[in-house]
Amino acid sequence: MLEIAMCPPYYLSTSIPNNQWMVDLDEESRRIDIDIALKQFYDLYSILTQYAFVYLVPPKEGLQDQVYIVNAGIVLPHMDKTAIISKFRAEGREGEEKVFQRFLEELDIDCYQCPYYFEGEAELKWLHDNVFVGGYGIRSSKKALEWIEKNFDAKVIKLRETDPYLYHLDCWVFPISNDYVLISSSIPVSIKEEIKKESEVIEVPYELNFQGITNSFRAGYTVFNANNISAFTEDKEALYWEKKKNEMLQEICSSLGLELYFVELTEYLKSGALLSCMISHITWDEIYLGKP
């Protein structure tokens, strides 16, 4: 059974605005309603328990972003019980990786600290075998991806991230199976061609990356994404793109024979976060879909 980890948001805060989405909001607009945050978290958790075994990592007071566990490290899918632990660049996040490491070690997973800035599974997306797409440039270092290649028998297709609103790779790339991957239309042609050598590519409009079309998670034959339409009732442009995102993701999933499940996660928009930020693989499943 697929195993994943999540961390309850008991200490979720936006007191340190450490990404562009948060900076754009004033202090009052980004203030967290912890009751709503907890409800939305446990709605997602209860759904995912039907598809995977879900570990809950204990939250630690003072770690405002610990719920976004995908940034704390990555358990490598192509190696036996081996994980890379993150080194955070963003202010206010140091310490999350130590909690995650202790948790993984309790599962008898060998942990290796990355010596360069690196923000976990959100920056390293598995395609198949030992092949990954890796992101660098804003939160993570290119040296980190090179270190992973050298020390963990990995091939990493490296994408330089430049947009401050799309500061992790999961904002650009979503491997929807081991042979199909959603990528932003704005990715450089040379990188697209590298990815096409390893996977069937489905390009999605750049505008939908801001709505989180690639900030999805797959368990078996079900894809999960955040539907935050209720947050955009007064912003017609954002509402338009949110609806377009939902429609396109539904079309893609239908064409590949996958189910799609939407979950409301509006409170996490205040942190500049979406669904993929809240889930980390402990084990991985392999799904090859073939031609739609």
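Residues numbered from 1 in each chain as written. Predicted model: local features only at pLDDT ≥ 70, side-chain atom pairs only at ≥ 80, totals over all residues. Heavy atoms only, no water.

S.K.: Any chance you could explain the sheet that holds strand 7 (residues 131-136) here in plain terms?
M.R.: Note: strands within a sheet are paired through backbone hydrogen bonds, in either parallel or antiparallel orientation. Overall, mixed pairing links the three strands, which are arranged 6-7-8 in an open sheet. Two strands bound the open sheet, and with one partner strand each, they are strand 6 (124-128) and strand 8 (155-160). Averaged over all pairs of adjacent strands, the angle between their axes in this sheet comes to 25°, without regard to strand direction. Sitting on the sheet, helix 5 (residues 189-196) touches strand 7 and strand 8, and the angle it makes with strand 8 is about 155°. (Pairing = 2+ DSSP bridges. Helix = DSSP H or I, 4+ residues; strand = E, 2+ residues; numbered from the N terminus. Axes fitted to C-alpha atoms, helices over the stretch in contact; angles between N-to-C directions. Contact = heavy atoms within 4.5 Å.)

S.K.: What's the story with the sheet that holds strand 14 (residues 259-263) in this structure? I'm lost.
M.R.: One open sheet accounts for three strands, arranged 12-13-14; its pairing is mixed. The outermost strands of the open sheet, each flanked by one partner alone, are strand 12 (217-219) and strand 14. Across this sheet, the average inter-strand angle for adjacent strands is 25°, counted without regard to direction. Pairing between strand 12 and strand 13 (residues 222-226): three bridges, direction antiparallel. If you follow Arg218 over to strand 13, its bridge partner there is Val223. Across the face of the sheet, helix 2 (residues 34-48) comes into contact with strand 12, strand 13 and strand 14 while running at roughly 155° to strand 14. The strands touched by helix 7 (residues 236-256) are strand 13 and strand 14; relative to strand 14, the strand with the most contacts, the crossing angle is about 155°.

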